[in-house]
Amino acid sequence: MSNGCKSNAPSSSGIYGPLTWFGNMVENCLKYAEAGRQAGKRVVGITCEFTPRELIIAAGGMPACLCGGVFETIAPAEKYLPSNLCPLIKSTFGFSVTKQNPFLEMADLLVVETTCDGKKKMYEMLGRDKPVHVLELPQKADDPDAMEHWVAELRKLKQRLETLFGAQIDDNSIRHAIRTMNRERALRRDLAALMKSDCPPMTGRELLDMKSIIACMPEDFVQYEKALSMLPGRTLDPPAESRVRVLLTGVPVPHGAEKVVDIVENSGGLIVSQENCTGIKPLLEDVDEEASDPIRALASKYFHLPCSVLTPNTRRMDSLRALVHDYRPDCVIDLIWQACITYDVESFQVRELVTNELGLAYLRIETDYSPSDSAQIAMRVQALFETVRAGSGRERNID
Ligand code: SF4
Ligand code: SF4
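So, how was this worked out
Residues numbered from 1 in each chain as written. Chains lettered and ligands numbered in written order. Predicted model: local features only at pLDDT ≥ 70, side-chain atom pairs only at ≥ 80, totals over all residues. Buried ≥ 20, exposed ≤ 12 C-beta atoms within 10 Å, placed from the backbone. Helix = DSSP H or I, 4+ residues; strand = E, 2+ residues; numbered from the N terminus. Pairing = 2+ DSSP bridges. Axes fitted to C-alpha atoms, helices over the stretch in contact; angles between N-to-C directions. Contact = placed C-beta atoms within 7 Å. Near = placed C-beta within 6 Å. Nonpolar A, V, L, I, M, F, W, Y, C, P; charged D, E, K, R; others polar. Parallel < 35°, antiparallel > 145°, perpendicular 65-115°, else oblique. Left-handed = near helix turned anticlockwise from the far one by under 90°. Right-handed = clockwise from strand over helix to strand, strands pointing away.

1. A look at helix 13 (residues 294-303)
With eight of its ten residues buried, helix 13 lies for the most part within the structure. Every buried residue of helix 13 is listed here: P294, I295, A297, L298, A299, K301, Y302 and F303.

As structure tokens, this is what we get:
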């Protein structure tokens, strides 16, 4: 909440080029993928931010995120998978069952990783229809042996891509891909940084929508540049100063699963920071463009990702401290997809950090993709905001 935001820039109801562009994100990506395939490029499906898109791009591939965010694909998945599994895993697999994800259907290879157990085992099912390459992600975040293992895993991925695509991936092509991905990260980081303002010029939902499931599409870069020049000074309706500033942490919010984001922002909140894999988490660190061994540089960046599947995951707490300092939220909402054990267990530490050390109100929301609990979530979010507005949110944990 802040004091007065005035501007002559376009209002949130105005026609807005970059928002319109990203509003057609799936169609844009489809056109790009189809044109790329005609030019001899390959679609490579990925499902996690630990996968270095740079290696895929260096091999002449187009990395497409396959993470499912759609409620309707869950029932078909439950014919094969247990129902008490994270909705993200079920929705992703449901697209395979229904064959409704064109990027999965187009993919020549799926690059997946050993993160949580549910995903890891689901990949075996995906592997019945598509070639799958599994990256074995070490779990001990600060162990030097773990880093060496991760470097070796990335070298194996390079070999697999070279063999499958008949491509030679040299250091220069990797460095070129690193520069392109760093550029994308920088543009998205700059967009996110606009939310540091007392009067953020977009909603958290708009920011979330401004990313494509295929990385490094040149037209996206053009639209990011336009958004960065057009957005500053834009006013929101209702105005930013009347809303409660929220930091959202926890699980990723894939395309289609924006239920909680929308509830928060329709209840008087404004999500100023998204500390998750669909938000700023993968953008916090770039890859060293000058490193003598670019694969080691990639390994270093990606292994630093503060995901709850690692132990310990102290980097996430450090990141939360820094984001609270920079984005000045009034409260923190921790989103957990049902049956996500690692983020659920870690929520204890997040709550402790937020309430005891940072002195902010904290709300944990555990849900799935079904709309059935939306009214109940809205009531809890409104209670959180009343506490914040009453000025007591900084003293107690309201969950
Ligand atoms: S939260 Fe962890 S497992 Fe999920 S996409 Fe991010 S890095 Fe991967
Ligand atoms: S949200 Fe949790 S359970 Fe679901 S895929 Fe990600 S890490 Fe696994």
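From this point, things continue past the structure.
2. Quick notes on the sheet that holds strand 7 (residues 331-337)
Here four strands make up an open sheet; going across it, the order is 6-5-7-8 and the pairing parallel. Either end of the sheet is taken by a strand with one partner, and the two such strands are strand 6 (269-275) and strand 8 (361-367). Across the sheet, the mean angle from the axis of one strand to that of its neighbour is 30°, orientation sign disregarded. Looking at chain direction, strand 5 (residues 244-250) and strand 7 are connected through five bridges and run parallel. What sits directly across from L248, in strand 7, is I333. Sheet contacts for helix 14 (residues 314-327): strand 5 and strand 6; angle to strand 6, the most-contacted strand, approximately 140°.

3. Quick notes on the site of ligand 2
As a structural note, the neighbourhood of ligand 2 is formed by 13 residues, with C86, L88, C116, V251 and C340 the closest of them. Going through the elements one at a time, helix 5 (87-98), helix 7 (117-126) and helix 15 (341-357) are the ones with two or more residues in the shell around ligand 2. Class assignment for the residues of the shell around ligand 2 results in nine nonpolar, three polar and one charged.

4. With respect to the site of ligand 1
The environment of ligand 1 is made up of C48, E49, F50, T115, P252, C277, L305, C307 and V309. For the shell around ligand 1, the residue count by class is seven nonpolar, one polar and one charged.

5. Overview of the packing of helix 9 (residues 171-193) against helix 11 (residues 218-230)
Helix-helix packing is characterised by the crossing angle of the two axes and by the distance between the axes. It is the contact of helix 9 with helix 11, at a shortest axis distance of 10 Å, that shows an interaxial angle of 25°. Classified by the angle their axes make, helix 9 and helix 11 are roughly parallel. In the packing of helix 9 onto helix 11, the handedness of the crossing is left-handed. Here R183, L187, R188, D190 and L191 of helix 9 come into contact with helix 11, specifically with F221, Y224, A227 and L228. Classifying every residue of the contact of helix 9 with helix 11 by side-chain character gives six nonpolar, no polar and three charged.

6. Brief notes about the pairing of strand 2 (residues 61-65)
Of all the five residues making up strand 2, five are buried; the element is thus mostly covered by neighbouring parts of the structure. A two-sided burial pattern is seen for strand 2, the buried positions comprising G61, P63 and C65 on one face and M62 and A64 on the other. As defined by bridge partners, strand 1 (residues 42-46) adjoins strand 2 across five bridges and the pair is classed as parallel. What sits directly across from V44, in strand 2, is P63. Between the parallel elements strand 1 and strand 2, the chain passes through helix 3 (residues 53-58) in a crossover that is right-handed.

7. Let's talk about unusual backbone geometry
At the junction of D237 and P238, the peptide bond is cis and its omega measures out at 0° in the coordinates. Along the chain, P238 turns up in the loop between helix 11 and strand 5. Cis rather than trans, the peptide bond between T311 and P312 has omega equal to -10°. By secondary structure assignment, the location of P312 is in the loop between helix 13 and helix 14. One non-glycine residue with positive phi stands out, namely K99, at about 55°. Counting through the fold element by element, K99 comes out in the loop between helix 5 and helix 6 (102-106). Its 11 C-beta neighbours within 10 Å are what place K99 among the exposed residues. Even without being a glycine, A339 presents a positive backbone phi close to 75°. What makes A339 partly exposed here is the crowd of 19 C-beta atoms within 10 Å.

8. Some words on the sheet that holds strand 4 (residues 132-135)
Spatial strand order, 2-1-3-4: four strands in an open sheet with parallel pairing. Bordering the open sheet on either side are strand 2 and strand 4, each of which pairs with just one other strand. Adjacent strand axes in the sheet meet at a mean angle of 25° when their direction is disregarded. Two elements, strand 3 (residues 109-113) and strand 4, share four bridges in a ladder whose sense is parallel. Paired with E113 across the two strands is L135, which belongs to strand 4.

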